[in-house]
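Here's the letter readout for the chains.
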Amino acid sequence: MKAAVVKQFKEKLEVEDVPKPKPGPREILVHIQACGVCHTDLHAAHGAWPVKPKLPLIPGHEGVGIVEEVGVGVTHLQAGDRVGVPWLYSACGYCECCLTGRETLCLDQQNAGYSVDGGYAEYCVAAADYVVKILENLNFIEAAPLFCAGVTTYKALKVSEVKPGEWVAIFGVGGLGHLGLQYAKAMGMNFVAIDTSDEKMELAKSLGADLVVNVLKEDAADFIQRKIGGVHGVVCTAVAKKAFDQAYRSIRRGGTCVMVGLPPESMDVPIFDTVLNGTKVVGSIVGTRKDLQETLQFTAEGKVKCIIETRALENINEIYDEMLEGRFNGRIVIDMNK
Ligand code: NAD
Ligand code: ZN
Ligand code: ZN
């Protein structure tokens, strides 16, 4: 089968023929139809984080497709079902986190396109219990980005505890952020969008942003504090320490700073201000299978529409170059039938 493979960190991916995998017990084989390209895949290809991915690696954790074969012991899925293979490829199912609805924190998890091969391929093996079915009225291309960008921002907004009518700021209007803005709107929040170009400002306004800040022209925290006295919550999806520092300073007293983006740096959290302002700083990692079902439902109801450009698997290296420079709007989705 055809796949895009990372052989060495920081080197170009190679699109080549690799053996078609076989599903083991409680696994399924998915015939991948589309896979979104997440900035995390770029971090993986660069070996940017303290925990490194396997090598060689087939990236991709927004792979969606049709179940072709089910392994021994799989009873709830059958050939022909439409499913997606998310970042949370599998978890142990019995640790404290798994038992308390926090499976994304399981220490024994595998991650698609990181610790195991993912969706940049014609076929992908998946853990049957951790794939999520795609609703009938969503096509594969529009469903793919929901499996990471969608569920991650949907969940992060829940974690922010911002209520309808309150203010949230979303840093980064990229693959994740442009969906986050739409979920915030659908949830009845007022929102500020922050990014680094006028084009992204226009995009954010077209998605209903009440306020926008281009950080190349103005410090976002100063602007937000001056204009509305701070936000109740922030979701920071930007891949820059500077954005996290500004995100923290944008919050009003008692508010929550949700960290989502994953630049390999630290952020400045002043102890005095955090204590006196009762600020909450919290990380949010993707979402559970339940969050994913809700995310898909939201989108199937037409409340959210991902901006998508489709490309062929062979274009993966150009896609990464464009992503590094923030040159496109929304999400690029690899269409395996292109
Ligand atoms: P993306 O490249 O599509 O979007 C990033 C956006 O941030 C771009 O629009 C860019 O212009 C903007 N940006 C860069 N510097 C900025 C700054 N200083 N201020 C404001 N905006 C700035 O990337 P993506 O796919 O949306 O992923 C974003 C980050 O989230 C990545 O680090 C990725 O690894 C991470 N991520 C985390 C989770 C999670 O579960 N926590 C899930 C998916 C992705
Ligand atoms: Zn992702
Ligand atoms: Zn577990």
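Residues numbered from 1 in each chain as written. Chains lettered and ligands numbered in written order. Predicted model: local features only at pLDDT ≥ 70, side-chain atom pairs only at ≥ 80, totals over all residues. Heavy atoms only, no water.

### With respect to the overall build of the chain
Now for step 1: Helix and strand counts for the chain stand at eleven helices and 17 strands.
Now for step 2: A compact globule built from 338 residues should have a C-alpha radius of gyration of about 20 Å, and the chain, at 19 Å, falls within 12% of that.
Now for step 3: Along the first, second and third principal axes, the C-alpha atoms of the chain reach 60 × 40 × 40 Å.
Now for step 4: With 338 residues in all, the chain has 56% of them scored as buried.
Now for step 5: When contacts within the chain are restricted to residue pairs at least 6 apart in sequence, those whose partners lie at least 24 apart make up 68%.
Now for step 6: Accessible area for the chain stands at about 14,400 Å²; split by element, carbon and sulfur atoms hold 53% of it.
Now for step 7: Between the averaged position of the 35 positive side-chain charges in the chain and that of its 42 negative side-chain charges there is a distance of 4 Å. (Helix = DSSP H or I, 4+ residues; strand = E, 2+ residues; numbered from the N terminus. Rg over C-alpha atoms; globule rule 2.2 N^0.38 Å. Buried < 20%, exposed > 50% of the residue type's maximum accessible area, 1.4 Å probe, protein only. Contact = heavy atoms within 4.5 Å. Areas by Shrake-Rupley, 256 points an atom, 1.4 Å probe, with all protein chains shown as cover. Lys, Arg positive; Asp, Glu negative; His and termini not counted. Charge placed at Lys NZ, Arg CZ, Asp CG, Glu CD.)

### What to know about the domain arrangement of the chain
Now for step 1: If you check the domain split of the chain, you get domain 1 (2-148 + 287-335) and domain 2 (150-283).
Now for step 2: Of note, the centres of domain 1 and domain 2, computed from C-alpha atoms alone, are 26 Å apart.
Now for step 3: With 26 residues of domain 1 at the interface, the matching set in domain 2 holds 21 residues.
Now for step 4: Between domain 1 and domain 2 lies a buried interface of about 2,000 Å² when both sides are counted; carbon and sulfur atoms form 59% of it.
Now for step 5: Among the residues of domain 1 in contact with domain 2, Cys-148, Phe-298 and Asn-329 are the three that bury the most area, contributing 23% of the side total.
Now for step 6: Our count for the domain 1 to domain 2 interface comes out at three salt bridges.
Now for step 7: Across the domain 1-domain 2 interface, the total number found is 15 residue pairs in polar contact (both at pLDDT 80 or more). (Domains from an automatic or database assignment. Buried area = accessible area lost by both parts, 1.4 Å probe. Salt bridge = Lys/Arg side-chain N within 4 Å of Asp/Glu carboxyl O. Polar contact = N/O pair within 3.5 Å; in protein donor to acceptor, adjacent residues only side chain to side chain.)

### With respect to the site of ligand 1
Now for step 1: Among the 30 residues in the neighbourhood of ligand 1, the closest are listed as His-39, Thr-40, Asp-195, Val-286 and Arg-331.
Now for step 2: One of the side-chain nitrogen or oxygen atoms of His-43 is found 2.8 Å away from an oxygen atom of ligand 1.
Now for step 3: Interatomic distance of 2.9 Å between a backbone N/O atom of Leu-262 and an oxygen atom of ligand 1.
Now for step 4: Relative to its unbound accessible area of 870 Å², ligand 1 is 91% covered by the protein chains.
Now for step 5: Where the shell around ligand 1 is concerned, the elements lending two or more residues are helix H1 (39-46), helix H5 (175-186) and strand E11 (190-195).
Now for step 6: Viewed by domain, the shell around ligand 1 spans two of them, domain 1 (2-148 + 287-335) and domain 2 (150-283), each represented by three or more residues. (Near = heavy atom within 4 Å.)

### With respect to a nonpolar patch on the surface
Now for step 1: Together, Ile-271, Phe-272, Val-275 and Leu-276 make up a nonpolar patch on the protein surface, roughly 470 Å² of accessible area in all.
Now for step 2: Within the fold, Phe-272 resides in helix H9 (residues 271-277). (Patch = residues over 30% accessible without salt bridge, like charges linked within 9 Å, V, L, I, M, F, W, Y side chains within 5 Å.)

### Side note on unusual backbone geometry
Now for step 1: Put simply, Leu-55 and Pro-56 share a cis peptide bond, and its omega is -10°.
Now for step 2: By secondary structure assignment, the location of Pro-56 is in the loop between H1 and strand E4 (63-70).
Now for step 3: Unusually for a residue other than glycine, Lys-10 sits at a positive phi of about 70°.
Now for step 4: Checked against the element boundaries, Lys-10 lands in the loop between strand E1 (2-5) and strand E2 (14-17).

### Things to note about the coordination of the zinc ion (ligand 3)
Now for step 1: Taken together, the protein ligands of the zinc ion (ligand 3) are Cys-92 (SG), Cys-95 (SG), Cys-98 (SG) and Cys-106 (SG), with distances of 2.3 to 2.4 Å.
Now for step 2: Geometry at the zinc ion (ligand 3) is tetrahedral, judged from the four donor atoms that bind it and their angles of 106 to 115° at the metal.
Now for step 3: One chain supplies every donor for the zinc ion (ligand 3), spaced along it as C-x2-C-x2-C-x7-C. Here Cys-92, found in the loop between strand E6 (88-90) and helix H2 (96-99), pairs with Cys-106, found in the loop between H2 and strand E7 (110-111); they are 14 residues apart in sequence, far enough to count as distant. The two residues Cys-92 and Cys-106 agree in class, both being buried. (Donors = N, O, S within 2.8 Å, 3.2 Å for Na, K, Ca; no water. Tetrahedral: all angles 85-135°; square planar, octahedral: opposite > 155°, others 65-115°.)

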